Amino acid sequence: MFFVRTASERDLPKVSALLAETWHATYDALYGPDKVSEITAKWHSVPALTEKLKRKHAEFVVADDGRVLAGMGYAALSKADPKVAVLHQLYVLPQYQRQGVGRDLFAELETCFPDARVMRLEVEPKNTAAIAFYEAHGFARAGETADCGDGRSGIPALILEKPLG
Ligand SMILES: CC(C)(COP(=O)(O)OP(=O)(O)OC[C@H]1O[C@@H](n2cnc3c(N)ncnc32)[C@H](O)[C@@H]1OP(=O)(O)O)[C@@H](O)C(=O)NCCC(=O)NCCS
């Protein structure tokens with residue numbers, strides 16, 4: 001039985017490993033393993049995750065059963081528009097997917113930003129499983145970007161939004 005709690009610095013090596021494994025399982029077929037290794041080394045290193053953990057107006061949660069971390073989620077208020085909460089990451093290890101862990105992580109994150117009007121995220125257009133998950137949780141397509149995640153990633157993404165409150 002997994003419970004959702006706020007992440008601490010002690011969790012970050014496990015979260016980093018979880019992200020590397022889940023990213024390879026999700027994206028190797030789309031971007032190739034080398035590109036995935038390059039991105040995951042940059043975005044999911046312990047120092048990069050430490051920065052996220054310290055950011056204000058942000059929530060970093062993990063699903064824990066006392067032994068294993070099965071999933072993680074990270075959302076933060078947009079710096080450009082504080083009425084927008086951005087769901088930056090939601091990842092569940094492949095062997096624990098489709099067991100309600102993602103739903104529980106998301107349920108926690110969507111209650112954390114009472115002053116935001118909308119939750120926004122970017123998703124790979126070919127990631128049909130994630131899109132199905134988000135549509136099942138009230139998100140709808142709001143646009144697209146050519147540079148998912150950071151300014152020059154070159155990774156296209158759909159932008160999905162869910163009204164909050
Ligand atoms: C997408 C993800 C976060 C969903 O988490 P999860 O724990 O697997 O999903 P849940 O078990 O909580 O699913 C809840 C509901 O979402 C929908 N859903 C989830 N996965 C789905 C899939 N593969 N296909 C269709 N619907 C799906 C279903 O409605 C499901 O309810 P049901 O199982 O009762 O039918 C998880 O599968 C994951 O980490 N995938 C790989 C990484 C990824 O793509 N992350 C998102 C990046 S933007």
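Residues numbered from 1 in each chain as written. Predicted model: local features only at pLDDT ≥ 70, side-chain atom pairs only at ≥ 80, totals over all residues. Heavy atoms only, no water.

(A) Just the sheet that holds strand β2 (residues 58–64), in detail. Ordered in space as β1-β2-β3-β4-β5-β7-β6, the seven strands form an open sheet in which the pairing is mixed. Lying at the two open borders of the sheet, with one neighbouring strand each, are β1 (3–6) and β6 (140–145). Geometrically, the sheet is characterised by an average inter-axis angle of 25° between neighbouring strands, direction not taken into account. Bridge analysis of strand β5 (residues 118–123) against strand β7 (residues 157–163) gives six bridges, and the strand direction is antiparallel. Paired with M119 across the two strands is K162, which belongs to β7. Sitting on the sheet, helix α1 (residues 12–31) is in contact with β2, β3 (69–77) and β4 (84–92), with an inclination near 95° to β3. (Pairing = 2+ DSSP bridges. Helix = DSSP H or I, 4+ residues; strand = E, 2+ residues; numbered from the N terminus. Axes fitted to C-alpha atoms, helices over the stretch in contact; angles between N-to-C directions. Contact = heavy atoms within 4.5 Å.)

(B) Geometry of helix α4 (residues 101–109). Taken residue by residue, α4 has V101, G102, L105, F106 and L109 as its buried positions. Angular distribution of buried residues about the axis of α4 spans 125°; they occupy a single face of the element. (Buried < 20%, exposed > 50% of the residue type's maximum accessible area, 1.4 Å probe, protein only. Arc of directions from axis to C-beta.)

(C) Spatial organisation of the site of the ligand. The local shell around the ligand holds 23 residues, among which V92, R98, G100, G102 and N127 are the closest. In this structure, an oxygen atom belonging to the ligand sits 3.1 Å away from a main-chain N or O atom of Q99. Burial of the ligand by the protein amounts to 77% of the accessible area it has alone, namely 920 Å². If you map the ligand onto the pockets, it falls in the largest pocket. Of all the secondary-structure elements, those providing two or more residues to the shell around the ligand are α1, β4, α4, β5 and α5 (128–136). For the shell around the ligand, the element with the highest residue contribution is α5, accounting for six residues. (Near = heavy atom within 4 Å. Polar contact = N/O pair within 3.5 Å; in protein donor to acceptor, adjacent residues only side chain to side chain. Areas by Shrake-Rupley, 256 points an atom, 1.4 Å probe, with all protein chains shown as cover. 1 Å grid on protein atoms, 1.4 Å probe; cavity = no way out; pocket = protein on both sides within 12 Å on 5 of 7 lines; lining within 4 Å. Sits in = over half its atoms within 2 Å of the grid points.)

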